[in-house]
Amino acid sequence: MRGIALAVLLVFAGAAPWPVSAAQDTASYPTAAAALESLRAKPGVKTSIQSGWTVIEDAAALSLWSFPPKGHPAYPAAIQRRVVQDGSEVVIRMNVLCEASKAACDALVADFEGLNGRVRKEMQR
């Protein structure tokens, strides 16, 4: 089931599933810029630009990171999504590091929760 959930999550990023290891989350980084710099330097990650957003696929950690472009109301920010097993269910865990205004950060979280909801619906099919 986890493979299906990850595949569905990564369809939104145009990626394919991979093996699992421990994931570093946004709390591990002091700023979104530090997260972006560290992830870009990490071996094995894939970086792409999608609609102006920097998207980093961290295969080793089963994580998909999203960074909004300059000019976005929530810039700078880092959003990490991971598919994890929680008891008998597979869920999407999201960590957000947002340095913009509270309103912009709240809107960013709401947008990603909407994306996650669509992924959950696809996983239930």
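We now turn to the structure provided with this report. Everything quoted here is computed from the prediction, not taken from an experiment.

## Digging into the sheet that holds strand S3 (residues 63-67)
- The five strands are arranged S1-S2-S3-S4-S5 in an open sheet whose pairing can be described as antiparallel. Two strands in the sheet have a free side with no partner beyond their single neighbour: strand S1 (45-50) and strand S5 (89-98). Direction aside, neighbouring strands of the sheet carry axes that sit 20° apart on average.
- Here S1 runs beside strand S2 (residues 53-58); their pairing, made up of six bridges, is antiparallel. Considered in S2, the bridge of threonine 47 is made with isoleucine 56.

## A look at unusual backbone geometry
- The step from tyrosine 75 to proline 76 runs through a cis peptide bond, and the omega angle for that step is -5°.
- Here proline 76 lies in the loop between S3 and strand S4 (77-86).
- In this structure, serine 51 is a non-glycine residue whose phi angle is positive, near 55°.
- Along the chain, serine 51 falls in the loop between S1 and S2.
- In the Ramachandran plot, leucine 62 falls in the positive-phi region, its phi being about 50° despite a non-glycine side chain.
- The residue leucine 62 is located in the loop between S2 and S3 in this model.

## A few points about the pairing of S3
- With five of five residues buried, S3 lies mostly within the body of the structure.
- Burial along S3 is two-sided: Ser63, Trp65 and Phe67 facing one way and Leu64 and Ser66 facing the other are all buried.
- Examined bridge by bridge, S2 and S3 share five bridges and lie antiparallel to one another. By the bridge assignment, aspartate 58 is partnered in S3 with serine 63.
- Where S2 hands over to S3, the hairpin turn is made up of four residues, of which leucine 62 adopts a positive phi near 50°.
- Pairing of S3 with S4, which is carried by four bridges, proceeds in the antiparallel orientation. Bridge pairing links serine 66 to isoleucine 79 in S4.

Reading the values: rules and limits
- Residue numbers here run from 1 along each chain, matching the order of that chain's written sequence.
- Confidence filtering applies because this is a predicted model: local features only for residues at pLDDT of at least 70, side-chain atom pairs given and counted only at 80 or more, and all residues used for totals across whole chains, interfaces and linings.
- The basis for every side-chain value is the complete set of non-hydrogen atoms in the structure, without hydrogens or water.
- Whether two strands pair depends on DSSP finding at least two bridges between them.
- Helix and strand assignments follow DSSP, with helices taken as H or I runs no shorter than four residues and strands as E runs no shorter than two, numbered in order from the N terminus.
- Interaxial angle, 0 to 180 degrees, is taken between N-to-C directions of lines fitted to C-alpha atoms, where a helix line uses only the stretch in contact.
- Partly exposed residues are those whose accessible area sits between 20% and 50% of the maximum for their type, while under 20% is buried and over 50% is exposed, using a 1.4 Å probe and protein chains only.

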